[in-house]
Amino acid sequence: AAPPEPPNLPSHMALGVSHSLWETLFPIRPIQQGKTIIWHRHWIVLLQYLIAPLLSFAGWSLLTIVIPRYDLLSPTSTIITLGVLLLLILLFFYWQYELWRNHIYILEPTRIIDVERLPFGLFEDRREATLGVIQNVNATSPNLIARMLNYGDVLIETAGQAGNFTFDHVPNPDAVQRIVFEYRERFRWQQREREWANTLNIIDMYFQAGQRGNSP
């Protein structure tokens, strides 16, 4: 029998695959590399991560007005203090941004991977499972805002030792659910084809051995 068609991946517009340099730095849409798809969490999560740095920057901006006006520090001390505070705030921005950018969900033709890394390579947690152990995939949008902004959670139930996977706060969870199902079905078909090919090879080996044994 002919192999099934490859998974019907949505078009670039439907999936929202990012290709621009800007979206490489801020991957708010899925990244497709060949048959591998990488999801980051929705931009609303990035916004939540950046609230504290933005408030810190607002406080720093206020200090740039208050300190000189009331002569709280000498000019040199003011420059040093504000410079150090600005550097810390920028590092805070970078830390929060990297926390968001380094938490990714990967779908490959043979496995799913959940990777979470701290900035500067301080820590990495990596979980993966083959597509063959996936039992069910459910997509949910937890509230009205999530439905309006089209993001939600995708729960992937597996029978493997890695346990269940949750792609949380991913854009377009219904599309993610469908694509995972399609990859799983493709993977299972390929497994059956390999098993059938192995069976035919074994039968052929026995048949050839029988023929040699019956030869004069």
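Residues numbered from 1 in each chain as written. Predicted model: local features only at pLDDT ≥ 70, side-chain atom pairs only at ≥ 80, totals over all residues. Heavy atoms only, no water.

1. Description of the overall build of the protein chain
Thought 1: Helix and strand content of the protein chain: six helices and eight strands.
Thought 2: For the protein chain, the α and β elements follow one another from N to C terminus as α-α-β-β-α-α-β-β-β-β-α-β-β-α.
Thought 3: Looking at the protein chain residue by residue over its 216 residues, the buried ones come to 32%.
Thought 4: Expressed as a percentage of contacts within the protein chain between residues at least 6 apart in sequence, the contacts between residues at least 24 apart total 52%.
Thought 5: As displayed, the protein chain offers around 13400 Å² of accessible surface, 62% of which is attributable to carbon and sulfur atoms. (Helix = DSSP H or I, 4+ residues; strand = E, 2+ residues; numbered from the N terminus. Buried < 20%, exposed > 50% of the residue type's maximum accessible area, 1.4 Å probe, protein only. Contact = heavy atoms within 4.5 Å. Areas by Shrake-Rupley, 256 points an atom, 1.4 Å probe, with all protein chains shown as cover.)

2. Quick look at the nonpolar core
Thought 1: In terms of nonpolar packing, the biggest core is built from 19 residues, with W39, L107, I112, I156 and F167 touching the most fellow members.
Thought 2: A total of five residues in this core trace back to one element, the largest contributor, which is helix α6 (residues 173-214).
Thought 3: The next biggest cluster of nonpolar side chains, apart from the first, holds eight residues, and it includes I44, L46, L50 and Y97. (Core = buried A, V, L, I, M, F, W, Y, C linked by side-chain atoms within 4.5 Å.)

3. Observations regarding the environment of S61
Thought 1: The topology assignment puts S61 in helix α3 (residues 43-69).
Thought 2: Between the C-alpha atom of S61 and that of L82, which follows or precedes it by 21 residues, the distance is 9.2 Å.

4. Focus on α3
Thought 1: The end-to-end C-alpha separation of α3 is 38 Å, in line with the 39 Å expected for 27 residues at 1.5 Å each.
Thought 2: At L50, α3 shows its strongest bend, of approximately 40 degrees, with the proline P53 following within four residues.
Thought 3: Listed in full, the buried residues belonging to α3 are I44, V45, L46, L50, P53, W60 and I67.
Thought 4: Lining the buried residues of α3 we find α4 (75-101), α5 (144-149), β7 (151-158) and β8 (165-171).
Thought 5: Positive backbone phi, approximately 50 degrees, marks D71, located one or two places after α3. (Expected span 1.5 Å × (residues − 1). Bend = angle between axes of the 7 residues up to and from the residue.)

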